[in-house]
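What the coordinates show
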Amino acid sequence: MTILDFSRLSATALAAKISGGSVSPADAVDASIACAKQAGAGADSLNIYLWTDDNLARREAQSLAEGMKRAGKGGRLAGIPMAVKDNIATLGLPTTCASKLLAGYISPYEATAITRLRQEGAIVVAKTNMDEFAMGSSTENSAYGPARNPLDVRRVPGGSSGGSAAAVAAGIVPLALGSETGGSVRQPAAFCGVVGVKPTYGRVSRHGLVAFASSLDQIGPLARNVDDAALATEIISGVDPNDSTSSSRKVGSYRDQYLSLASSPRPLDGMTVGVPEEYFPEELDPGIRSLCERSIDTLKSLGAKVIDVQLPNTRLAIPVYYIVAPAEASSNLARFDGVRFGARAKSSSLREMYADTRSSGFGPEVTRRILLGTYVLSAGYYDAYYKKAQAVRGLITRDFRDVFGKGIDVLFTPTTPTTAFPVGAISDPYQMYLSDIFTATSNLAGVPAMSLPIGRVAGLPVGGQIIASHFCESTMFRVAYALEAALGGEAHQ
Amino acid sequence: MAVTQDDVRQVAELARLGVDPARLEPLVAELNGILQHMEVLSNVDTTAIEGATLINQPIESTPLRSDSDGPLKMMSPKESFAPSMKDGFFIVPRLATHEDATDSAP
């Protein structure tokens with residue numbers, strides 16, 4: 001067996017080795033299995049895996065190797081071990097959303113994003129821990145216990161895609177899938193020191209993603225570097241007849257633009273980066289502010305023009321998000337009634353069965369959000385809460401259109417207001433919701449955004465966020481790639 | 001618009017959730033604690049925003065497609081989705097009288 005060091009090898013580099021024949025898919029899978037054991041991915045340690053089947057992964061690797069031999073070539077992710085958030089349907093494998101309600105549920109179909117990654121040679125080696133039904137910012141709201149940050153096990157990995165971010169950060173897999181509703185890929189990416197992407201709403205099919213808030217949800221990749229994240233985004237993007245909100249816009253090569261500029265000393269010449277003042281409040285952690293300022297200076301040195309901009313309705317994003325998302329969740333989660341999915345309580349009447357199943361199956365945060373969502377949609381409160389929130393959401397969207405309409409190519413902000421906090425440190429629900437304060441705006445407006453490591457404060461990773469206009473992923477990756485290359489090792493110091 | 005225990009009971013009924021009586025008062029406090037932060041929205045002037053025109057985010061509208069396509073192709077036969085089938089229908093446990101469930105489902 002070839003010993004592989006996933007903490008150094010990127011997905012693209014590993015896929016090249018596998019396609020070239022110097023490493024086999026089985027080697028890659030075996031290395032991932034060994035890393036998972038060494039890092040403690042299981043419930044008795046980091047608790048970042050909810051499901052794994054080593055033998056199944058090895059059989060898939062063998063089958064892939066035979067297919068590659070017949071075809072004489074491998075896909076762009078040939079033999080890459082991949083971890084998948086447990087709210088993304090994987091054919092024949094469990095999909096529990098980290099909820100007791102879906103314990104034992106085996107998905108009879110597969111998410112389009114998974115199918116596309118598998119077609120390129122990726123191998124699903126694990127389903128990862130998450131906040132139940134993606135409701136949370138710390139992966140503490142899992143029915144299977146909290147996940148831990150591999151960089152400091154006393155701290156959370158962020159959430160809700162905390163298990164996926166931690167699996168990449170721990171070097172177990174070079175690539176993972178998560179999902180976003182209000183920052184659930186970018187925030188854990190920032191907390192774990194990896195790259196996380198939320199594509200434009202409609203860019204990636206939601207088919208097979210268990211619905212939380214359908215007007216906000218998007219699947220996104222987590223990777224160790226920008227190039228891997230761009231490749232994975234490119235592969236999973238594109239129209240899908242199974243998702244009527246997926247866009248038919250052509251997906252170009254996200255990598256071509258930045259790779260063609262890789263040798264340029266000023267790869268961002270001609271670009272304008274906006275820095276919104278609302279994302280740098282007085283109370284922002286000074287260490288995070290300082291690292292953002294260093295990144296802004298770096299962007300200037302790469303040729304970008306940097307100007308201050310305003311997104312005046314940013315402060316309203318959390319109130320809007322925590323009305324819209326629970327409202328949609330209360331509707332989407334109505335399907336979990338004990339009839340069609342997962343567990344069913346034994347009761348004497350149909351109504352009791354519904355209530356008993358849901359009450360025993362959902363955890364406290366999911367229950368709270370369903371109640372909140374039902375309340376803001378109920379007669380007498382709909383106009384004051386839900387309708388008003390949707391109108392303010394329109395103002396937030398207009399803020400983005402205004403700045404991008406004035407020649408701004410991308411925005412640069414911190415991803416999170418703090419670094420990873422200790423497990424159990426935040427008990428007030430609203431304080432936890434504020435973790436999403438810099439990320440939820442992009443979901444509400446539907447624009448693409450990503451987080452990449454820009455340094456560390458007291459040893460903990462800090463994420464810088466790049467936000468682009470609708471369907472301008474290429475521009476976003478161009479800036480991220482240049483910044484990552486310029487920061488080099490400083491991004492992880 | 002403070003939430004009361006009666007509101008929580010009513011909303012729980014609408015949401016088909018049973019709420020432990022001991023959780024009622026904490027839930028009232030939690031929901032009020034959250035909703036007080038939402039009050040800021042009532043002071044925002046939204047007259048410039050017309051209905052839902054800006055809500056669905058992508059620049060393009062949701063595409064309309066022909067109704068002519070047939071049912072989507074399934075990845076595996078529908079028989080694989082349920083414990084058993086009879087005359088083309090899924091056989092599932094009876095809902096209201098679970099004691100009889102074993103009579104009708106495996």
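Treat the numbers as computed from the prediction; the structure is a model and nothing was measured. (Residues numbered from 1 in each chain as written. Chains lettered and ligands numbered in written order. Predicted model: local features only at pLDDT ≥ 70, side-chain atom pairs only at ≥ 80, totals over all residues.)

1. Brief notes about the overall build of chain A
- Helix and strand counts for chain A stand at 16 helices and eleven strands.
- A compact globule built from 493 residues would reach a C-alpha radius of gyration of about 23 Å, and chain A, at 21 Å, matches this within 12%.
- Here the C-alpha coordinates of chain A stretch approximately 70 × 55 × 45 Å along the principal axes. (Helix = DSSP H or I, 4+ residues; strand = E, 2+ residues; numbered from the N terminus. Rg over C-alpha atoms; globule rule 2.2 N^0.38 Å.)

2. Focus: the overall build of chain B
- Along the backbone of chain B there are three helices and two strands.
- Counting from the amino terminus, chain B carries its helices and strands in the arrangement α-α-β-β-α.
- Within the span of chain B, comprising 106 residues, buried residues form 14% of the whole.
- Partitioning the intrachain contacts of chain B with sequence separation of at least 6 by distance along the chain shows that 16% fall at a separation of at least 24. (Buried ≥ 20, exposed ≤ 12 C-beta atoms within 10 Å, placed from the backbone. Contact = placed C-beta atoms within 7 Å.)

3. Re the nonpolar core
- Counting residues in each nonpolar core, the largest one holds 174 residues, and the members touching the most others are Ile80(A), Met82(A), Ala167(A) and Leu371(A).
- With ten residues, helix 10 (residues 317–332) of chain A is the single largest residue contributor to this core. (Core = buried A, V, L, I, M, F, W, Y, C linked by C-beta atoms within 7 Å.)

4. Comments concerning the interface of chain B and chain A
- With 42 residues of chain B at the interface, the matching set in chain A holds 56 residues.
- Listed by contribution, the elements that provide at least two residues to the side of chain B that touches chain A are helix 1 (5–14) and helix 2 (21–38) of chain B.
- The element contributing the most residues to the side of chain B that touches chain A is helix 2 of chain B, with seven residues.
- Partitioning the side of chain B that touches chain A into residue classes produces 27 nonpolar, eleven polar and four charged. (Nonpolar A, V, L, I, M, F, W, Y, C, P; charged D, E, K, R; others polar.)

5. Let's talk about the sheet that holds strand 10 (residues 449–457) of chain A
Residues and elements named next belong to chain A.
- With mixed pairing, the eleven strands of this open sheet are ordered in space as 1-3-2-4-6-5-10-11-9-7-8. Every interior strand has two partners, whereas the edge strands, strand 1 (49–52) and strand 8 (305–309), have only one. With strand direction ignored, the average angle separating the axes of adjacent strands in the sheet is 30°.
- Judged from the five bridges that link them, strand 7 (residues 272–276) and strand 8 form a sheet pairing that is parallel. What sits directly across from Gly-274, in strand 8, is Ile-307.
- Across the face of the sheet, helix 9 (residues 286–301) comes into contact with strand 7, strand 8, strand 9 (410–414), strand 10 and strand 11 (460–468) while running at roughly 115° to strand 10. (Pairing = 2+ DSSP bridges. Axes fitted to C-alpha atoms, helices over the stretch in contact; angles between N-to-C directions.)

6. Topic: helix 3 (residues 54–71) of chain A
Residue and element names in this part refer to chain A.
- Here helix 3 contains 18 residues, and its C-alpha end-to-end distance of 26 Å stays within 8% of the 26 Å for a straight helix at 1.5 Å per residue.
- For helix 3, the complete set of buried residues consists of Ala-57, Glu-60, Ala-61, Leu-64 and Met-68. One face of helix 3 carries all of its buried residues, which in axial projection span an arc of 105°. Residues Asn-55, Ser-63, Glu-66, Lys-69 and Arg-70 are exposed on helix 3 and point more than 90 degrees away from its buried face.
- Against helix 2 (25–39) and strand 3 (123–128) lie the buried residues of helix 3.
- At the C-terminal side of helix 3, Gly-72 shows a positive phi close to 75°. (Expected span 1.5 Å × (residues − 1). Arc of directions from axis to C-beta.)

7. Considerations on the environment of Ile172(A)
- On the secondary structure map, Ile172(A) appears in the loop between helix 5 (162–169) and strand 4 (175–180).
- For the pair Ile172(A) and Pro81(A), spaced 91 residues apart in the sequence, the C-alpha separation amounts to 8.6 Å.

8. Some words on the environment of Pro25(A)
All names here are of chain A.
- Within the fold, Pro-25 resides in helix 2.
- C-beta crowding within 10 Å serves as the criterion here: with 27 such atoms nearby, Pro-25 is assigned to the buried category.
- Sequence spacing of Pro-25 and Ile-80 is 55 residues, and the spatial spacing of their C-alpha atoms is 7.3 Å.

9. Topic: the packing of helix 10 of chain A against helix 13 (residues 382–405) of chain A
Residue and element names in this part refer to chain A.
- Closest axis-to-axis distance for the helix 10/helix 13 pair is 9 Å, and the angle between their directions is 125°. In terms of orientation, helix 10 and helix 13 fall into the oblique class. At the point where helix 10 passes helix 13, the crossing takes the left-handed sense. In contact with Ala-317, Val-320, Ile-323, Val-324 and Ala-327 of helix 10, helix 13 contributes Tyr-385, Tyr-386, Ala-389, Gln-390, Val-392, Arg-393 and Ile-396.
- When grouped by side-chain class, the residues that make up the contact of helix 10 with helix 13 number ten nonpolar, one polar and one charged. (Parallel < 35°, antiparallel > 145°, perpendicular 65-115°, else oblique. Left-handed = near helix turned anticlockwise from the far one by under 90°.)

10. What about the packing of helix 10 of chain A against helix 12 (residues 364–377) of chain A?
Residue and element names in this part refer to chain A.
- One way to put it is that helix 10 packs onto helix 12 with a least axis distance of 7 Å and a crossing angle of 100°. One finds that helix 10 runs roughly perpendicular with respect to helix 12. Contacts between helix 10 and helix 12 involve Ile-323, Pro-326, Ala-327, Ala-329 and Ser-330 from the former and Arg-369, Ile-370, Leu-372, Gly-373, Thr-374, Val-376 and Leu-377 from the latter.
- Its residues placed into classes, the contact of helix 10 with helix 12 shows eight nonpolar, three polar and one charged.

11. Describing unusual backbone geometry
Residue and element names in this part refer to chain A.
- Here Gly-159 and Ser-160 are connected by a cis peptide whose omega angle stands at 10°.
- Tracing the backbone through its elements, the reader meets Ser-160 in the loop between strand 3 and helix 5.
- Not every positive phi belongs to a glycine, and Ala-458 is a case in point at roughly 50°.
- The topology assignment puts Ala-458 in the loop between strand 10 and strand 11.
- By the C-beta count within 10 Å, which is 8 here, Ala-458 ends up exposed.

12. Some details on the confidence of the model for chain B
Residue and element names in this part refer to chain B.
- Of the residues in chain B, 68% reach a pLDDT of 70 or more, and the chain-wide mean stands at 78.
- Taken element by element, chain B is modelled with least confidence in helix 3 (residues 101–104), mean pLDDT 46, and with most confidence in helix 1, mean pLDDT 96.
- Overall, residues 100–106 carries pLDDT values under 50, and its contacts beyond four positions in sequence, including any with other chains, amount to 13 contacts.
- Scoring the predicted complex yields pTM 0.94 and, for the interface, ipTM 0.89. (pLDDT = per-residue confidence, 0-100.)

13. Here we look at the environment of Ser45(A)
- Within the secondary structure, Ser45(A) is located in the loop between helix 2 and strand 1.
- Taking the number of C-beta atoms within 10 Å as the measure of exposure, Ser45(A) has 14 and is therefore partly exposed.

14. Comments concerning helix 13 of chain A
- Compared with the 34 Å implied by 1.5 Å per residue over 24 residues, the 33 Å span of helix 13 of chain A between its first and last C-alpha is a close match.
- Its axis deflected by about 30° at Lys388(A), helix 13 of chain A carries its strongest bend there. (Bend = angle between axes of the 7 residues up to and from the residue.)

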